[in-house]
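Chain residues, written in single-letter form:
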Amino acid sequence: MRLPRRPRLLLPVAIALIAIVALFFLFSGIYTDYLWFDAVDYTSVFTGVVLTQIVLFLVGALLMIAVAGGNMLLAFRTRPMFGPAMFGGASGADRYRMALDPHRKLIFIIGMGLLALFSGSSFAGQWQTWLKFVNGKAFGQKDELFGYDISFFMFDLPFIRMILNFLFTAVIISIVLAAITHYLYGGFRLQSPGLHASRAARVHLSVLLGVFVLLKAIAYWIDRFDLVFSDRGFVHGASYTDVNAVLPAKTILAIIALICAVLFFAGVVRPGGMLPGVSFGLLVLSAILIGGVYPALVEQFQVKPNQQGKEALYIQRNIDATRKAYNVDKTEVETYNAQADPTKVQAAGDTSVSGVRLLDPALVSSTYEQTQRIRGFYNFAEPLDVDRYPDSTGKPIDHVVGVRELTGPDAGQNNWINRHLVYTHGYGFVAAPGNKVDAQGLPDYDAKDMPVTGPLVTSTGLKEPRVYFGEEPNSAEYVIAGGNPNRPQELDYPQTSGTGQKNTTYTGGGVSLGSFFNRLLYAAKYSEANILLSGDVNANSKILYERHPRDRVQKVAPFLTLDGNPYPAIVDGRIVWIVDGYTTSNDYPYSQSESLGDMTRDASSDRRVIAQQPTDRINYIRNSVKATVDAYNGTVKLYAWDANDPVLRTWSSAFPGVIRPASEMSADLRSHVRYPEDLFKVQRYTLSRYHITDPSAFYSGQDFWNVPGDPTQGNTNNKQPPYYLTTTMPGEQPTFSLTTTFVPRQGPNLAAFMAVDSSAESGYGRIRILRMPSSTPIPGPGQAQNSFQSRFAGELNLLGVGASSVRYGNLLTLPYAGGLVYIEPVYIQVTAGGGQEPYPILQRVLVSFGSKIGVGRTLDEALQEVFGEEQQQQPQQEQNNQENQAQPNQSNTAVNSAIANARKAYDDAQKALQASPPDWDAYGAAQKRLEEALKALENANRQQQPQPSASPSPSASTSAAPSAAPSASPTTSPPAAPSPSASATGGTS
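Quick caveat, the model's predicted, so the values are computed rather than measured.

1. Quick notes on the overall build of the chain
- A tally of regular secondary structure across the chain gives 28 helices and 35 strands.
- Burial statistics for the chain: of 989 residues in total, 54% are counted as buried.
- Residue pairs in contact within the chain that sit at least 24 positions apart in sequence constitute 71% of those at least 6 positions apart.
- Total accessible area on the chain is roughly 41900 Å²; 56% of this is exposed by carbon and sulfur atoms.

2. So, the side chain of Q720
- In this fold, Q720 is placed in the loop between β26 (715-719) and β27 (723-727).
- Judged by relative accessible area, Q720 falls into the buried class, the value being 4%.

3. Focus on the pattern of salt bridges
- One pass over the full model with this rule turns up 27 salt bridges.
- Two residues, E732 and R766, come together in a salt bridge whose shortest N-O distance is 3.2 Å. Taken as a pair, E732 in the loop between β27 and β28 (735-744) and R766 in the loop between β29 (752-757) and β30 (767-771) lie far apart in primary sequence, 34 residues in all.
- On the basis of relative accessible area, R766 is assigned to the partly exposed category, the value being 32%.
- Through salt bridges that share partners, E332, E334, E732, R766 and R768 make up one connected network.

4. Details of a nonpolar patch on the surface
- A contiguous nonpolar surface patch, about 770 Å² in accessible area, is contributed by F280, V284, L285, I288, L289, V293, L297 and F301.
- Following the sequence through the fold, L297 ends up in helix α9 (residues 274-303).

5. Thoughts on helix α10 (residues 307-325)
- Spanning 19 residues, α10 covers 25 Å between terminal C-alpha atoms, matching the ideal 27 Å at 1.5 Å per step.
- All buried positions along α10 are accounted for by Q307, E311, Y314, I315, R317, N318, I319, A321, T322, R323 and A325.
- Buried residues in α10 make contact with α8 (240-266), α9, β21 (620-630), α21 (677-690) and α22 (695-700).
- One or two residues past the end of α10 sits N327, with phi positive at roughly 60°.

6. Focus: the nonpolar core
- By size, the foremost hydrophobic cluster in this structure holds 152 residues, and its most contacted members are Y42, F429, I480, V556, L638 and F655.
- Top element by residues in this core is helix α6 (residues 150-184). It accounts for 16 residues.
- Aside from chain neighbours lying at most four places away, what touches V556 is W36, F37, V40, Y42, V45, V636 and L638.

7. So, unusual backbone geometry
- In this structure, P383 follows E382 across a cis peptide bond, with omega equal to -5°.
- When you line up the elements, P383 lands in the loop between β4 (378-379) and β5 (385-390).
- In this model, M450 is joined to P451 through a cis peptide bond whose omega is -10°.
- Position of P451 relative to the elements: it lies in the loop between β9 (429-433) and α13 (455-460).
- One non-glycine residue, S527, adopts positive backbone phi at about 50°.
- Turning to its location among the elements, S527 is positioned in the loop between α14 (516-525) and α15 (530-533).
- For S527, a relative accessible area of 63% puts it in the exposed group.
- With a phi close to 70°, Y590 is a non-glycine residue in the positive phi region.
- Along the chain, Y590 falls in the loop between β18 (574-585) and β19 (594-595).
- Of the residues examined, Y590 reaches a relative accessible area of 2% and is grouped as buried.

8. Description of the packing of aromatic side chains
- Applying the stated rule across the entire model yields 53 aromatic pairs.
- Between F152 and F153 the ring centres are 5.2 Å apart and the planes differ by 85°, which places this aromatic pair in the edge-to-face class. Of the two residues, F152 and F153, both sit in the buried class.
- Seen in terms of ring centroids, Y816 and F867 are 5.4 Å apart; in terms of plane orientation they differ by 70°. Their pairing is edge-to-face. A residue pair is termed long-range when its members are at least 10 positions apart, and Y816 in strand β32 (residues 812-816) and F867 in helix α24 (residues 859-867) qualify at 51 residues.
- Classification of F867 by relative accessible area gives buried; the value is 15%.
- The rings of F27, Y31, Y34, W36, F37, F46 and F517 are connected pair by pair, giving a single aromatic cluster.
- It is R79 that lies over the ring of F76; its NZ or CZ is 3.9 Å from the centre.
- In this structure, K626 packs its charged tip against the face of W641, placed 5.5 Å from the ring centre.

9. A closer look at the sheet that holds strand β14 (residues 511-512)
- Read across the open sheet, the three strands follow the order β11-β15-β14; overall the sheet is antiparallel. If you trace the sheet from one side to the other, it starts and ends with β11 (479-481) and β14, each paired once.
- For β11 and strand β15 (residues 542-544), the ladder comprises three bridges, and the chain directions are antiparallel. Residue pairing across strands places V479 opposite L544, the latter belonging to β15.

10. Side note on the environment of S174
- Its place among the elements puts S174 in helix α6.
- The spacing of S174 and I65 is 109 residues in sequence and 9.8 Å in space, taken between C-alpha atoms.
- The contact partners of S174, leaving out residues within four places of it in the chain, are V67, A68, N71 and L208.
- A distance of 2.7 Å separates a polar side-chain atom of S174 from the backbone oxygen of A170.

11. Remarks on the sheet that holds β5
- The antiparallel open sheet is built from three strands, whose spatial order is β5-β6-β9. Strands at the two margins of the open sheet, each flanked by one partner only, are β5 and β9. The sheet shows a mean angle of 40° between the axes of neighbouring strands, direction not considered.
- Bridging between strand β6 (residues 396-403) and β9 involves five bridges; their strand directions are antiparallel. Across the sheet, residue V401 finds its bridge partner in β9, namely A431.

12. Concerning the pairing of strand β22 (residues 636-640)
- Taken across its five residues, β22 has four buried, putting it largely inside the fold.
- Between β21 and β22, which pair antiparallel in sequence order, lie five residues; one of them, G634, sits at a positive phi of approximately 75°.

13. Concerning the packing of helix α2 (residues 43-77) against helix α4 (residues 104-124)
- Direction vectors running N to C along α2 and α4 enclose 145°, while the axes themselves pass 7 Å from each other. Judged by the twist between their axes, the crossing of α2 over α4 is right-handed.
- Residues belonging to the contact of α2 with α4 are distributed by class as follows: 17 nonpolar, six polar and one charged.

14. A word on the confidence of the model for the chain
- Chain-level pLDDT for the chain is 85 on average; 85% of the residues reach the 70-or-more range.
- Every residue in residues 869-887 scores below 50 in pLDDT, and together they form 18 contacts with partners more than four places removed in sequence or on other chains.
- Residue range residues 946-989 is modelled with pLDDT below 50. Its contacts to residues more than four positions away, or to other chains, number 158 contacts.

15. Some points on the side chain of S624
- Within the secondary structure, S624 sits in strand β21.
- Assessed through its relative accessible area of 0%, S624 is described here as buried.
- Setting aside anything within four residues of it in sequence, one finds S624 in contact with G581, T583, Y639, A640, W641, D642, D645 and L648.

16. Some thoughts on the packing of α6 against helix α7 (residues 199-223)
- At a minimum axis distance of 10 Å, the contact between α6 and α7 shows a crossing angle of 160°. Between α6 and α7, the crossing angle belongs to the class labelled roughly antiparallel. Considering how the two elements wind past one another, α6 and α7 form a crossing that is left-handed.
- Along the lines of polarity and charge, the residues of the contact of α6 with α7 split into 21 nonpolar, three polar and one charged.

17. Points about the environment of V743
- Relative to the elements of secondary structure, V743 occurs in strand β28.
- In this structure, the C-alpha to C-alpha distance between V743 and S688, residues 55 residues apart in sequence, is 9.2 Å.

Parameters and conventions
- Residues numbered from 1 in each chain as written.
- Predicted model: local features only at pLDDT ≥ 70, side-chain atom pairs only at ≥ 80, totals over all residues.
- Heavy atoms only, no water.
- Helix = DSSP H or I, 4+ residues; strand = E, 2+ residues; numbered from the N terminus.
- Buried < 20%, exposed > 50% of the residue type's maximum accessible area, 1.4 Å probe, protein only.
- Contact = heavy atoms within 4.5 Å.
- Areas by Shrake-Rupley, 256 points an atom, 1.4 Å probe, with all protein chains shown as cover.
- Salt bridge = Lys/Arg side-chain N within 4 Å of Asp/Glu carboxyl O.
- Patch = residues over 30% accessible without salt bridge, like charges linked within 9 Å, V, L, I, M, F, W, Y side chains within 5 Å.
- Expected span 1.5 Å × (residues − 1).
- Core = buried A, V, L, I, M, F, W, Y, C linked by side-chain atoms within 4.5 Å.
- Phe/Tyr/Trp six-rings, centres within 6.5 Å; stacked < 30°, edge-to-face > 60°.
- Lys NZ or Arg CZ within 6 Å of the ring centre and 35° of its normal.
- Pairing = 2+ DSSP bridges.
- Polar contact = N/O pair within 3.5 Å; in protein donor to acceptor, adjacent residues only side chain to side chain.
- Axes fitted to C-alpha atoms, helices over the stretch in contact; angles between N-to-C directions.
- Left-handed = near helix turned anticlockwise from the far one by under 90°.
- Nonpolar A, V, L, I, M, F, W, Y, C, P; charged D, E, K, R; others polar.
- pLDDT = per-residue confidence, 0-100.
- Parallel < 35°, antiparallel > 145°, perpendicular 65-115°, else oblique.

Rendered as structure tokens:
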């Protein structure tokens with residue numbers, strides 16, 4: 001039954017409309033990408049990548065059609081003249097041929113179109129391989145086995161593999177399509193007593209099979225070069241078996257495959273299946289015996305019984321290559337005769353740790369939120385970041401910094417206008433010196449509030465505090481900023497007068513929505529009609545998206561791998577995000593290949609507070625690029641930090657002008673550059689084994705190290721993250737560094753301390769490792785933490801403050817006084833009532849040197865307890881023993897009375913905090929009584945414990961929890977009530 005004329009016309013019209021809509025959405029996605037690149041002034045990257053992909057797509061598609069389609073047409077053109085009747089009788093292929101033959105042109109066109117689409121897309125996806133091949137720069141270093149420049153393996157060999165894989169695929173598809181066509185049109189028959197084929201079919205398939213085997217011969221030859229990445233031996237790289245068995249075997253197999261290809265080609269002139277059969281059998285047999293059995297025998301009977309000796313040369317090659325590839329070949333390893341007895345060292349006059357950072361950026365993020373969030377729609381990233389800014393004397397001080405970012409409107413006001421047009425940006429830079437706190441144990445901010453105030457603002461000349469581009473999840477959404485400058489509608493910051501908020505109008509860059517066409521495109525891109533219909537979107541409006549710093553840098557530099565933790569800095573009066581970019585590869589000869597995700601995984605990445613790296617395997621990495629993203633207008637700049645990196649020079653050649661020379665970095669920007677965390681994690685993972693350079697010692701592995709678990713997280717499976725802090729290495733001046741520790745593979749003691757210079761003004765990138773002496777056991781981080789917790793928890797139980805939560809900050813390890821000292825801040829977290837969330841307040845500092853532990857309200861107090869006047873303590877201990885024997889009852893009474901008074905003062909302080917609003921006067925009075933009670937408890941305990949050097953001061957530890965300061969609301973600041981935390985500074989600032 002035939003359809004009426006109208007329905008027959010509607011179907012193609014509907015198909016055409018669907019195609020037009022699909023093409024429009026495809027076009028809107030591509031063109032809006034171009035508009036974005038144009039807005040950030042990186043159109044050369046967009047056009048370079050797109051044009052390369054288009055060319056590769058066309059080449060791949062046309063080659064596949066030419067090879068596969070040409071062979072299919074050839075098979076059809078050479079079909080037997082008499083068709084299926086050539087070999088007599090009917091065949092099962094007849095019914096398929098009769099069904100398909102009337103539509104063969106349409107089937108051919110559709111099939112070739114799909115094949116072209118898939119092959120072209122696959123080829124286009126290899127655009128980076130192509131660009132590296134045509135732009136590759138020499139390393140100036142040759143591999144140990146073949147004597148080729150490293151660039152051959154990094155840039156040329158991947159391209160050769162890509163071409164071979166494409167040709168193999170094309171030939172295999174051609175064989176299948178040609179065989180099907182010959183079968184359908186009678187070129188050969190599968191029937192008893194054997195295979196019957198026409199001469200044309202036999203010749204055609206013999207040539208195709210010969211080409212396949214010829215490609216296999218080439219592949220065997222190329223496989224020889226892949227041996228430098230072999231994982232057969234003890235380490236990666238060509239092993240003894242690879243060099244002495246597999247390498248000659250691959251050469252022999254290439255020759256045999258070439259001979260077999262000739263035999264297949266001989267089938268063109270000699271009928272019958274003998275030659276193809278012989279060549280196929282020879283190829284398979286030689287692959288099994290020569291390529292598989294022979295190397296296995298060499299490995300089993302020559303190498304394994306003498307592996308250490310046989311593999312020594314190749315282990316040495318792996319050690320040398322791995323240290324170069326991970327840029328640790330210049331690491332300075334020195335034996336550090338660390339002392340573990342504080343009585344045998346001279347700590348007097350050593351001020352190297354007096355200004356150490358005590359604020360833990362992972363813990364005080366919630367403190368920043370509660371005291372500086374101001375409104376519920378602002379937030380700070382977790383963790384905060386560590387940078388350095390000069391104090392009033394010009395001395396650089398470690399600062400804990402963050403920006404106040406926007407989370408979005410409350411649920412009741414979460415409509416399209418508020419979400420995308422009003423709540424467009426965060427506001428303000430918040431910073432505090434890491435080595436001190438205020439009277440309540442809170443960060444002593446030198447940049448705070450809205451508008452931003454503080455000494456740091458003045459010294460840095462901050463002019464633009466608005467944050468349109470940041471790390472908060474809200475940055476994943478687009479915002480439309482700008483609009484009518486005469487009627488600002490973007491929330492700038494809350495204020496107490498007028499309407500309760502100050503508005504602003506964005507004046508930075510972005511994609512203009514001034515034209516109807518652009519608005520239509522973005523309405524399609526985001527499936528949002530309001531972009532097209534809203535009267536608040538006008539000629540001055542600009543749409544901002546891809547607002548996360550990492551996303552912006554990744555888009556303009558898709559050839560880079562980015563560090564997981566961008567950080568903000570005030571540079572030349574503006575807030576900018578600094579992002580570290582890496583060039584990575586898995587094609588460096590002889591270098592050990594590892595998962596990037598595994599190497600960089602630690603407690604911070606496991607808690608998802610920083611971005612996790614992919615599990616891609618790499619064996620080469622360089623911190624080649626420093627990128628900046630302006631927090632206000634989103635401007636992206638890329639600087640060539642390692643201009644000597646051949647991989648970076650290759651990409652600079654592919655995208656000329658995209659990466660600026662490092663000489664264009666301002667002095668202010670260079671002062672905030674720091675050594676990147678993920679690179680340091682990769683290098684410490686590598687150096688845990690590759691600090692050993694002797695192949696015999698490497699083979700035994702007795703001196704391999706581990707990165708210790710983070711003891712403050714209570715889970716030893718999570719590696720301790722590295723810490724930024726100013727460090728004084730032996731014989732050096734203090735410098736901003738990134739530090740970590742190692743423990744032996746077996747045992748909890750400290751094996752080594754590692755630090756890298758993170759200051760661009762000094763020896764940036766200099767890695768030093770202090771190896772601990774094997775004769776003196778130095779406690780490891782886990783042991784130090786256990787000692788801290790066992791001592792400190794007991795003192796807390798004495799006061800019965802179970803409602804408080806003790807939070808241990810980052811456990812820092814530093815060289816000090818001829819040994820290594822552990823320093824850990826202790827925070828108390830107490831709910832303040834009034835619906836506010838609890839947040840930690842710094843109350844105590846713990847210090848450990850060897851087996852000696854000190855606790856104090858300040859770092860100086862804790863250090864004094866560890867390194868105090870030991871000679872004067874002995875007579876005092878004897879006098880205390882006599883006094884304790886003479887007056888036991890009085891001492892017990894004093895202790896009980898002090899404990900009761902402390903509990904009463906603590907309870908009164910909690911009641912004052914939980915009042916609504918909190919009663920700050922009552923709280924201050926309770927804190928004063930608590931301090932007096934704790935002093936009395938300290939005196940009483942001294943009388944009962946004549947050897948204070950064996951344990952921490954009771955007052956120093958027991959007073960930590962009850963002295964918690966209130967959860968100050970953003971609008972009400974508590975008075976500076978005297979409390980045990982009043983002097984909890986981390987030393988001098």
